[in-house]
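Take a look at the letters that make up each chain.
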Amino acid sequence: QKEVEQNSGPLSVPEGAIASLNCTYSDRGSQSFFWYRQYSGKSPELIMFIYSNGDKEDGRFTAQLNKASQYVSLLIRDSQPSDSATYLCAVNNYGQNFVFGPGTRLSVLP
Amino acid sequence: NAGVTQTPKFRILKIGQSMTLQCTQDMNHNYMYWYRQDPGMGLKLIYYSVGAGITDKGEVPNGYNVSRSTTEDFPLRLELAAPSQTSVYFCASSSKDTQYFGPGTRLTVL
């Protein structure tokens, strides 16, 4: 059973701080990694994807991948109250099957 | 460009009733998916399709059926609704490695 694990949270950070969200996966054959944001009652929306070891930055968001440790993270700099949502980690291996983690709920406090 | 559309948005069923959740995408994607999301949980894959005429089971297929007669449409059928099928259902399609989600259908079985 391929698994993706995340801390369920809630993770609370003050406005302006860095939020760090973590994800581990069990399948070493996993090829690509995704972070989705889901507001309450809404559908998931893609924030970032990463394929290679290292960091990938997009605005206030940085995804970090370490395939040896089977670990992927998402950093949100200068966190805003509008970043309060559930963040889903997803992993794709060999084809188009996506396995989702349970999500981490982030709360950014004004 | 509508993306992925789903109907209905909400539905209440009685135990034993049947219904079809509709999903349509206009992005000419070959891959389409059905997920369910229970409260506070991640996404569980029900069925997926790699192209017209080809479908396969995901993690939680029991109680559901699908068909894929065209590239655009991927309906999900519930034959004998049970309270355990109360959930939010998301349809998605994917291009390369990126999934695009519909707005979801909130289903309650009483």
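Keep in mind the model is a prediction, meaning the values are calculated, not measured.

A. Up close: the side chain of aspartate 83 of chain A. All names here are of chain A. Within the secondary structure layout, aspartate 83 lies in the loop between β8 (71–76) and β9 (85–92). Classification of aspartate 83 as buried rests on a relative accessible area of 1%. Only 2.8 Å separates the side chain of aspartate 83 from the side chain of arginine 60, close enough to count as a polar contact. Ignoring any residue separated from it by four or fewer positions in sequence, one finds aspartate 83 in contact with Arg37, Arg60, Phe61, Ile76, Asp78, Leu106 and Val108.

B. Up close: the packing of aromatic side chains. Inspection of every chain in the model, using the stated rule, returns 14 aromatic pairs over all chains. With 5.4 Å between their ring centres and 55 degrees between their planes, phenylalanine 34 of chain A and phenylalanine 98 of chain A make a pair best called tilted. With phenylalanine 34 of chain A in strand β4 (residues 32–38) and phenylalanine 98 of chain A in strand β10 (residues 98–100), the pair connects residues that are 64 residues apart, well separated along the chain. Accessibility classification places phenylalanine 34 of chain A together with phenylalanine 98 of chain A in one group, the buried group. Ring centres 5.8 Å apart and planes at 40 degrees place the aromatic pair tyrosine 35 of chain B and phenylalanine 101 of chain B in the tilted group. Placement of the pair is tyrosine 35 of chain B in strand β4 (residues 31–37) and phenylalanine 101 of chain B in strand β10 (residues 98–101), with a sequence separation of 66 residues. In terms of burial, tyrosine 35 of chain B and phenylalanine 101 of chain B fall into one category: buried. One aromatic cluster is present, formed by Phe34, Tyr36, Phe49, Tyr51, Phe98 and Phe100 of chain A together with Tyr33, Tyr35, Phe90 and Phe101 of chain B through successive ring pairs. Residue placement shows lysine 56 of chain A over the ring face of phenylalanine 49 of chain A; its charged tip is 3.8 Å from the ring centre. Of note, arginine 60 of chain A hangs over the ring of phenylalanine 61 of chain A, and the distance from its end group to the ring centre comes to 5.5 Å.

C. Region of the structure containing the pairing of strand β3 (residues 19–25) of chain B. Residues and elements named next belong to chain B. Burial along β3 is one-sided: Met19, Leu21, Cys23 and Gln25 are buried, and none of Thr20, Gln22 and Thr24, which face the opposite way, are. Looking at chain direction, strand β1 (residues 4–7) and β3 are connected through four bridges and run antiparallel. Each residue of the ladder has a partner; that of valine 4, found in β3, is glutamine 25. Sheet topology places β3 next to strand β8 (residues 76–78); three bridges connect them, and they run antiparallel. For leucine 21, the partnering residue across the bridge sits in β8 and is leucine 76.

What counts as what
Residues numbered from 1 in each chain as written. Chains lettered and ligands numbered in written order. Predicted model: local features only at pLDDT ≥ 70, side-chain atom pairs only at ≥ 80, totals over all residues. Heavy atoms only, no water. Helix = DSSP H or I, 4+ residues; strand = E, 2+ residues; numbered from the N terminus. Buried < 20%, exposed > 50% of the residue type's maximum accessible area, 1.4 Å probe, protein only. Polar contact = N/O pair within 3.5 Å; in protein donor to acceptor, adjacent residues only side chain to side chain. Contact = heavy atoms within 4.5 Å. Phe/Tyr/Trp six-rings, centres within 6.5 Å; stacked < 30°, edge-to-face > 60°. Lys NZ or Arg CZ within 6 Å of the ring centre and 35° of its normal. Pairing = 2+ DSSP bridges.

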